[in-house]
There are 2 protein chains.
Amino acid sequence: MYKGNKYISPAIIKRLPRYYRFLGELKSEGVERISSSELSKMMNATASQIRQDLNNFGGFGQQGYGYNVEYLYNEIGKILHLNKPHNMVMIGAGNLGSAICGYKTFPRYGFNILAVFDVDPNKIGSHIHDIEVHSMDELETFLDENAVEIVIVAIPTDNAFDVMKRLEKTHIKGVWNFAHIDYEMPNGIAVESVHLSESLMILNYKIANNDKTID
Amino acid sequence: MYKGNKYISPAIIKRLPRYYRFLGELKSEGVERISSSELSKMMNATASQIRQDLNNFGGFGQQGYGYNVEYLYNEIGKILHLNKPHNMVMIGAGNLGSAICGYKTFPRYGFNILAVFDVDPNKIGSHIHDIEVHSMDELETFLDENAVEIVIVAIPTDNAFDVMKRLEKTHIKGVWNFAHIDYEMPNGIAVESVHLSESLMILNYKIANNDKTID
């Protein structure tokens, strides 16, 4: 993407959530300024990498003076579009769906799960962490009436294709996919898939190669 | 890392699990050769990026001839150290731990969860997807007796620090961490943390910026 006339590479964008998380922790601890070498220790990255990354967001890291934590947190939050609340729903009232509904960090960043959807009649009407489970029949109506932006898909592979096809025709803006499929949505609906096996392979790589350059 | 005398950057390493997953699918469908442009369509990356990445693993992508799927799959598997089985245990018999115990892709890659550990007396002795839940008191003995390499930590933040401290003193090789903490292990124990909030922020970025260059 471009910020002003400066190009910010995908590699840097992908590191922004991590900066945002650490800066958020510093902010909540009342830290006002931090040097690249302190951040470097916290984040297990080189100070020069951190300076290179953060220099994209304005020259506010001054030698011996450090970065303004709150300013940087807000700037990165703007790029990640975290400065307003986002309505979500969960599809799948299984273990994974239930686990995600219980994450307290998501509401803190403005991501609110309004409802859970499932096909199991025994689950419909029950609550998961105070969120009501609805029938899948009500999905499209609910999405429209509640201006839902993001749908979380936490169901088995076999059913995931059909659900993705239904979502294609809705007005949502993004799918956060935990099913073991790769599905391309039409223009206007972004997809981010969590493939846990990839993370496990990276751990395995780190173990085998003792490579500390992978964060 | 170096392969032979060729340096392979962390950015490429991080993309290897994705290549491995797609190549594994092609292999199981009986596909023998694939061109960078076909892979590019499947993986939503440019063909030139794919050629650049894969050229690190030998010059076996010939113009108009394509890559040998099985060879490439095996080469990447070796780098990721997936050519032997890996013993794991799960700490936490909650929703997330249960969901991960049910993933069928992990055993397919040689990752086997041998036992689950929890502090809840009501859960100890029960089974999650045929895996027995043990008392946390038995953890260290079990790790030693079963040559466990990887411990999966799927418990609330509050308890995670104490568990990490216990794991520091064991002979395991890696921690796959789902707790919302960043914990540095001593040399010899690798850590890979899954911070789901970071993935959700990237989805949000994609939605806000309509940026298709982020995979």
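Remember, predicted model here, so these are calculated numbers, not experimental data. (Residues numbered from 1 in each chain as written. Chains lettered and ligands numbered in written order. Predicted model: local features only at pLDDT ≥ 70, side-chain atom pairs only at ≥ 80, totals over all residues. Heavy atoms only, no water.)

Enquirer: Where do I start with the confidence of the model for chain A in this structure?
Expert: Reading fine detail from the predicted coordinates is not recommended where pLDDT is low. Mean pLDDT over chain A: 90, with 95% of residues reaching 70 or higher. Scored as a complex, the prediction yields pTM 0.90 and ipTM 0.92. (pLDDT = per-residue confidence, 0-100.)

Enquirer: Explanation requested: the pairing of strand E9 (residues 150-153) of chain A in the structure shown.
Expert: Put simply, side chains in a regular strand alternate between the two faces of the sheet. Residue and element names in this part refer to chain A. Across the two faces of E9 the burial is the same, with Ile 150 and Ile 152 and Val 151 and Val 153 all buried. For strand E5 (residues 86-91) and E9, the ladder comprises four bridges, and the chain directions are parallel. When the sheet's bridge partners are listed, Met 90 is paired in E9 with Ile 152. Looking at chain direction, E9 and strand E10 (residues 174-177) are connected through four bridges and run parallel. Each bridged residue has a counterpart across the sheet, and for Ile 152 the counterpart in E10 is Trp 176. (Buried < 20%, exposed > 50% of the residue type's maximum accessible area, 1.4 Å probe, protein only. Helix = DSSP H or I, 4+ residues; strand = E, 2+ residues; numbered from the N terminus. Pairing = 2+ DSSP bridges.)

Enquirer: Just checking my understanding: could you explain the interface of chain B and chain A for this structure?
Expert: Think of interface size as the accessible area that goes away when the parts come together; that is how it is often given. Tallying the contact residues gives 60 residues for chain B and 60 residues for chain A. Here chain B and chain A share an interface that buries about 5800 Å² over both sides, 65% of which is from carbon and sulfur atoms. For chain B, the biggest contributors to the area lost against chain A are Leu 196, Leu 200 and Met 201 of chain B; these three give 12% of the whole. If you look at where chain B meets chain A, you find six salt bridges. Salt-bridge contacts for Glu 198 of chain B lead to Arg 21 of chain A; the nearest nitrogen and oxygen are separated by 2.7 Å. Put simply, the parts of the chain that give the side of chain B that touches chain A at least two residues each are helix H1 (10-28), strand E5 (86-91), helix H5 (95-101), helix H6 (105-108), strand E10 (174-177), strand E11 (190-193) and helix H9 (196-209) of chain B. (Contact = heavy atoms within 4.5 Å. Buried area = accessible area lost by both parts, 1.4 Å probe. Salt bridge = Lys/Arg side-chain N within 4 Å of Asp/Glu carboxyl O.)

Enquirer: Mind showing me how you'd approach the relation of the copies chain B and chain A here?
Expert: Think of it as a corkscrew move, a rotation about one axis and a shift along it, taking one chain copy to the other. Once chain B has been moved 0.0 Å along the axis and rotated by 180°, it coincides with chain A to within an RMSD of 0.0 Å. Both copies are brought into coincidence by an operation consistent with a two-fold rotation axis. Proximity to the rotation axis, assessed at the C-alpha, singles out Asn 95 of chain B in chain B; its C-alpha lies 2.3 Å from the axis. A high fraction, 100%, of the interface residues of chain B reappear at the interface in chain A, so the copies pair face to face through one surface. (Least-squares fit on C-alpha atoms with pLDDT ≥ 70 in both.)

Enquirer: Please clarify how helix H2 (residues 36-43) of chain A should be interpreted in this entry.
Expert: Each full turn of the α-helix corresponds to 3.6 residues, which orients residues three or four apart in the same direction. Residue and element names in this part refer to chain A. Along H2, the residues that are buried comprise Ser 36, Leu 39, Ser 40 and Met 43. For H2, the angular spread of buried residues about the axis comes to 105°, placing them on one side. Just beyond H2, the residue with positive phi is Asn 44, at close to 55°. (Arc of directions from axis to C-beta.)

Enquirer: How do you make sense of unusual backbone geometry when you look at a structure like this?
Expert: In terms of backbone geometry, most residues other than glycine have negative phi values and most peptide bonds are trans. All names here are of chain B. Of note, His 81 is a non-glycine position whose phi angle comes to about 65°, a positive value. Within the secondary structure, His 81 sits in the loop between helix H4 (69-79) and E5. Backbone geometry places Ala 147, a non-glycine residue, at a positive phi of 45°. Within the fold, Ala 147 resides in the loop between helix H7 (139-145) and strand E9 (150-153).

Enquirer: For this particular structure, what's the right way to read the environment of Phe 22 of chain B?
Expert: Along the polypeptide, Phe 22 of chain B turns up in helix H1. For Phe 22 of chain B, a relative accessible area of 3% gives the class buried. Each residue touching Phe 22 of chain B, except ones within four places of it in the same chain, is listed here: Asp 182 of chain A together with Met 42 and Met 43 of chain B.

Enquirer: Please explain the environment of Val 89 of chain A as it appears in this structure.
Expert: Relative to the elements of secondary structure, Val 89 of chain A occurs in strand E5. Beyond its immediate chain neighbours, meaning those up to four positions away, Val 89 of chain A contacts Ile 113, Ala 115, Phe 117, Phe 142, Leu 143, Val 148, Ile 150, Val 151 and Ile 152 of chain A.

Enquirer: Quick question: what am I supposed to make of the packing of helix H1 (residues 10-28) of chain A against helix H3 (residues 47-54) of chain A here?
Expert: For any two helices packed against each other, one specifies the inter-axial angle together with the distance between the axes. Residue and element names in this part refer to chain A. Orientation of H1 relative to H3, taken along the N-to-C sense of each, is 105°, at an axis distance of 11 Å. The angle between the axes of H1 and H3 places the two elements in the roughly perpendicular class. Only Gln 49, Ile 50, Asp 53 and Leu 54 of H3 make contact with H1, whose side of the interface consists of Ile 12, Arg 15 and Tyr 19. (Axes fitted to C-alpha atoms, helices over the stretch in contact; angles between N-to-C directions. Parallel < 35°, antiparallel > 145°, perpendicular 65-115°, else oblique.)

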